[in-house]
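An overview of the molecular structure
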Amino acid sequence: MSEEIIEEIDAHLNEILPEDPEEIRRTVDEERREEMVRILQHAADELGKSPTVAEFDALDLATSSDAIRYVFGTWNDAKEAAGLETFQRGTSTPIDQDYFEAIDTAEKAYWLGTLFAYSTVSEIGRSKSLGLQVARVASKEHFVRGFADTVESGYAINTYSNSDRPREQEKVHLQISNPTFIEHLLAAGYPADSSDPGDFPSLSDAYRPAFVRGYLESAGYFRSQGWRITVENPERATWLKNSFEEFGAKRPTVSEGGNGKRKVNVSNVFDIKSVFEACWPDQLETTPSWEPYPTKVLAHLEAEYPYPENVAYLSGG
């Protein structure tokens, strides 16, 4: 994402998002708040303990954790209103602050890839402290809500639209400011300065496919001719090209655009198949994953791959 677009999003968020959580709370009637408190208490009875965000949503009750956090400001504030135990992890807003302390699972590599594709770390307001901004169009809110659930975030998720641009899709936004969480994310290789993106992180071979899966799904760069991925600098282009070759692609290329950025291309159908099989080892069942994306790639392979009888998931074998 260009620096100009990032600045525009940040400026818009500063205008529309209330600084005072009470501003949100006053817009919800007391009856609705009491209903949410009863639902939280019911969840605690079902679980036999004060619920985390992920545990609550797994019960599939009449309201979501996002709705509750929107009304009460934070998950802990809602649980306090319900008389339930709260758990603090270094700040007043709960989160698994050590999630990125080590990239030692495919899940962590996947979410790191999604953040590299379309998120920023930047200074927050006058405090100059750093915060992670995770924003997506509403059609891709999986990357915001799924990530929030994974890291057990109690931070509010907001949906907004730009009245000056009525044709734009609604956007879903999450801001995480826990300093320990940010520190671990930066130590994992995430850039602190969006104007100097640096290289992609150093990952073990076991987790590189999941990182690329997250990056490709979140960035959404797949067309009828395969992947054509614009990256910020030559280092990232080389990293991606080398990764595709490690996945079995023999013809990935790198070209330079007029703006000085690089484009990594994977257009040969055999190379597309190799990358797909490496990054989505279980195809549509690969998790975590955003299913519309591998569905699109698979549909292309079904239509274009010349020898489907040699590929089990194309031939039905």
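Residues numbered from 1 in each chain as written. Predicted model: local features only at pLDDT ≥ 70, side-chain atom pairs only at ≥ 80, totals over all residues. Heavy atoms only, no water.

On to the packing of helix 3 (residues 30–47) against helix 5 (residues 65–72). With their axes 11 Å apart at the nearest point, helix 3 and helix 5 run at an angle of 130° to one another. Looking at the two axes, helix 3 sits oblique to helix 5. As helix 3 runs across helix 5, the sense of the crossing is left-handed. Together, Arg33, Met36, Val37 and Leu40 of helix 3 and Ala67, Ile68, Val71 and Phe72 of helix 5 make up the contact between the two elements. (Axes fitted to C-alpha atoms, helices over the stretch in contact; angles between N-to-C directions. Helix = DSSP H or I, 4+ residues; strand = E, 2+ residues; numbered from the N terminus. Parallel < 35°, antiparallel > 145°, perpendicular 65-115°, else oblique. Left-handed = near helix turned anticlockwise from the far one by under 90°. Contact = heavy atoms within 4.5 Å.)

What follows deals with the packing of helix 12 (residues 269–279) against helix 13 (residues 292–304). Following both chains from N to C, one finds helix 12 and helix 13 inclined at 140°, their axes separated by 11 Å at the closest point. Here helix 13 runs oblique to helix 12, going by the angle between their axes. Every pair of crossing elements has a handedness; the one defined by helix 12 and helix 13 is left-handed. Between helix 12 and helix 13, the contacting residues are Val269, Ile272, Lys273 and Phe276 on the first element and Pro294, Val297, Leu298, His300, Leu301 and Glu304 on the second. Residues belonging to the contact of helix 12 with helix 13 are distributed by class as follows: seven nonpolar, one polar and two charged. (Nonpolar A, V, L, I, M, F, W, Y, C, P; charged D, E, K, R; others polar.)

So, about the confidence of the model for the protein chain. Overall, the predicted model of the protein chain reaches an average pLDDT of 83, with 82% of residues at or above 70. Mean pLDDT values over the elements of the protein chain span from 48, in helix 2 (residues 21–25), up to 96, in helix 10 (residues 208–219). (pLDDT = per-residue confidence, 0-100.)

With that settled, the discussion passes to the packing of aromatic side chains. If you walk through the whole model with that rule in mind, you get 19 aromatic pairs. An angle of 65° between the planes, with centres 6.4 Å apart, marks the rings of Phe147 and Phe181 as edge-to-face. Within this pair, whereas Phe147 is found in helix 8 (residues 142–150), its partner Phe181 is found in helix 9 (residues 179–187), the two being separated by 34 residues in sequence. Clustering of aromatic rings is evident, with ring pairs tying together Tyr99, Phe100, Tyr110, Trp111, Phe147 and Phe181. Against the face of Tyr99 rests Lys108, its NZ or CZ located 5.5 Å from the ring centre. Seen from the ring of Trp239, Arg208 lies directly overhead, with NZ or CZ sitting 4.4 Å from the centre. (Phe/Tyr/Trp six-rings, centres within 6.5 Å; stacked < 30°, edge-to-face > 60°. Lys NZ or Arg CZ within 6 Å of the ring centre and 35° of its normal.)

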